[in-house]
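# Examining the three-dimensional arrangement
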Amino acid sequence: MEAELLGPPEELKNKDVLEIGAGAAQCSRWLAAQGARPVALDLSHRQLQHALRIGGSFPLVCADAGALPFADGSFDLACSAYGALPFVADPVLVLREVRRVLRPGGRFVFSVTHPIRWAFPDEPGPEGLSVSASYFDRTPYVEQDEQGRAVYVEHHRTIGDRIRDIVAADLRLVDLVEPEWPAWNSAEWGGWSPLRGNLIPGTAIFVCVRD
Ligand SMILES: C[S@@+](CC[C@H](N)C(=O)[O-])C[C@H]1O[C@@H](n2cnc3c(N)ncnc32)[C@H](O)[C@@H]1O
């Protein structure tokens, strides 16, 4: 939002914006406050219930990002904050769908946990600074329930993989932003901390255009 990667806030007014993997729809809420017309989409009904509870006057759509229930050229912009793409085995399918529903000249801005983080333990302290896995190992991270069913699956793609996916979906990459840890932020949560944030990037943001 602060980086204005979707464009200056004053130009968001009356824009149709699709938020993918919206979760509790924080981005859509912010977009609506700028005068945009967001649609928040998520696969998880439970996440959308959180969104509903928090509130906001924009549509919530429960659907798979790989099969978007919208006509071609329905949106001016699309965005995703860590949503959908890390959790699908075929990200090109999602990117192609996003391209299809964007109008010519439309922008898709999405963030993922920075791929370099895959090589480090997800710890905020010094133990999170030593490489413990190969950056090139694409084996997904899977959590299972007692019956052995996968309940959480996250797929690793290198930076190069992500760029090739964007090209394969016929989107044009115009920027790759690696935000630096802000000096004011002294918080630690999960694997995030100033110690690690000052040394290795935590997030990669891809800015793409549909020509
Ligand atoms: C890490 S959360 C991010 C949520 C939110 N964007 C945020 O920043 O808090 C990832 C979200 O992607 C959603 N998701 C995963 N796979 C999806 C898919 N195939 N289609 C749509 N949403 C999906 C999940 O349900 C979850 O809400």
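As a reminder, the structure under discussion sits directly above these lines.
Residues numbered from 1 in each chain as written. Predicted model: local features only at pLDDT ≥ 70, side-chain atom pairs only at ≥ 80, totals over all residues. Heavy atoms only, no water.

## Re helix α1 (residues 26–33)
- Listed in full, the buried residues belonging to α1 are C27, S28 and L31. In an axial view of α1, the angular spread of the buried residues amounts to 95 degrees, which keeps them on one side of the axis.
- In this structure, the buried residues of α1 make contact with β1 (16–20), β2 (37–42) and β4 (75–81).
- Positive backbone phi, approximately 95 degrees, marks G35, located one or two places after α1. (Buried < 20%, exposed > 50% of the residue type's maximum accessible area, 1.4 Å probe, protein only. Helix = DSSP H or I, 4+ residues; strand = E, 2+ residues; numbered from the N terminus. Arc of directions from axis to C-beta. Contact = heavy atoms within 4.5 Å.)

## Structural notes on the sheet that holds strand β9 (residues 203–209)
- Spatially, seven strands are ordered β3-β2-β1-β4-β5-β9-β8 in an open sheet, and the strand pairing comes out mixed. Pairing within the sheet leaves two strands with one partner each, and these edge strands are β3 (60–62) and β8 (172–177). Within the sheet, the average angular offset between the axes of one strand and its neighbour, ignoring direction, is 20 degrees.
- Sheet topology note: the β1/β4 ladder contains three bridges and is parallel. (Pairing = 2+ DSSP bridges. Axes fitted to C-alpha atoms, helices over the stretch in contact; angles between N-to-C directions.)

## Digging into the environment of V151
- By the secondary structure assignment, V151 is in strand β7 (residues 150–154).
- Those residues in contact with V151, other than ones at most four positions away along the chain, are E143, Q144 and D145.

## Considerations on the pattern of salt bridges
- Under the counting rule described, the total for this entry stands at 12 salt bridges.
- Residue D16 is joined to R37 by a salt bridge in which the shortest nitrogen-to-oxygen separation is 2.9 Å. Of this pair, D16 sits in strand β1 while R37 sits in strand β2, placing them 21 residues apart in sequence.
- As a salt-bridge pair, R164 and D161 come within 3.1 Å of each other at their nearest N and O atoms. Here R164 pairs with D161, and both are found in helix α4 (residues 159–168), just three residues apart, close to one helical turn.
- On the basis of relative accessibility, which here comes to 6%, the residue D161 falls in the buried class.
- Three or more residues joined by partner-sharing salt bridges are found here, namely D16, R37, D76 and R103. (Salt bridge = Lys/Arg side-chain N within 4 Å of Asp/Glu carboxyl O.)

## Examining the site of the ligand
- The environment of the ligand is made up of 17 residues, and the closest members are G21, D42, D64, A65 and A81.
- Measuring from a nitrogen atom of the ligand, one finds a backbone N or O atom of G21 at 2.9 Å.
- A81 places a main-chain nitrogen or oxygen 2.8 Å from a nitrogen atom of the ligand.
- For the ligand, the protein covers 77% of the area, taking 600 Å² as the surface of the free molecule.
- Residues belonging to the shell around the ligand are distributed by class as follows: nine nonpolar, six polar and two charged. (Near = heavy atom within 4 Å. Polar contact = N/O pair within 3.5 Å; in protein donor to acceptor, adjacent residues only side chain to side chain. Areas by Shrake-Rupley, 256 points an atom, 1.4 Å probe, with all protein chains shown as cover. Nonpolar A, V, L, I, M, F, W, Y, C, P; charged D, E, K, R; others polar.)

## Examining the nonpolar core
- The biggest cluster of nonpolar side chains holds 34 residues, and the ones touching the most others in it are L18, F70, F108 and F110.
- Only β1, β2, β4, α3 (91–101), β5 (102–113), α4 and β9 provide two or more residues apiece to this core.
- In terms of residue count, the dominant contributor to this core is α3 (five residues).
- If near-sequence neighbours (up to four positions away) are discounted, F108 is found in contact with I20, A78, C79, S80, L85, L95, V98, L102, F206, V207 and C208. (Core = buried A, V, L, I, M, F, W, Y, C linked by side-chain atoms within 4.5 Å.)

## Description of α3
- For α3, the buried fraction is high: eight of the 11 residues fall into the buried class.
- Along its buried surface, α3 packs onto β1, β4, β5 and α4.

## Side note on a nonpolar patch on the surface
- A contiguous nonpolar patch, built from F87, Y141, V151 and Y152 and spanning about 370 Å² of accessible area, is present on the exposed surface.
- Structurally, the position occupied by Y141 is in strand β6 (residues 141–144).
- We classify Y141 as partly exposed; its relative accessible area is 40%. (Patch = residues over 30% accessible without salt bridge, like charges linked within 9 Å, V, L, I, M, F, W, Y side chains within 5 Å.)

## Re the pairing of β9
- Extensive coverage of β9 is indicated by the burial of seven of its seven residues.
- Side-chain alternation along β9 places T203, I205, V207 and V209 on one buried face and A204, F206 and C208 on a second face that is also buried.
- Here seven bridges tie β5 to β9, and the two strands are oriented antiparallel to one another. Looking at β9, one finds that V109 is bridged to V207.
- Relative to β9, β8 runs antiparallel, the two sharing five bridges. Bridging from a neighbouring strand, L173 pairs with C208 of β9.

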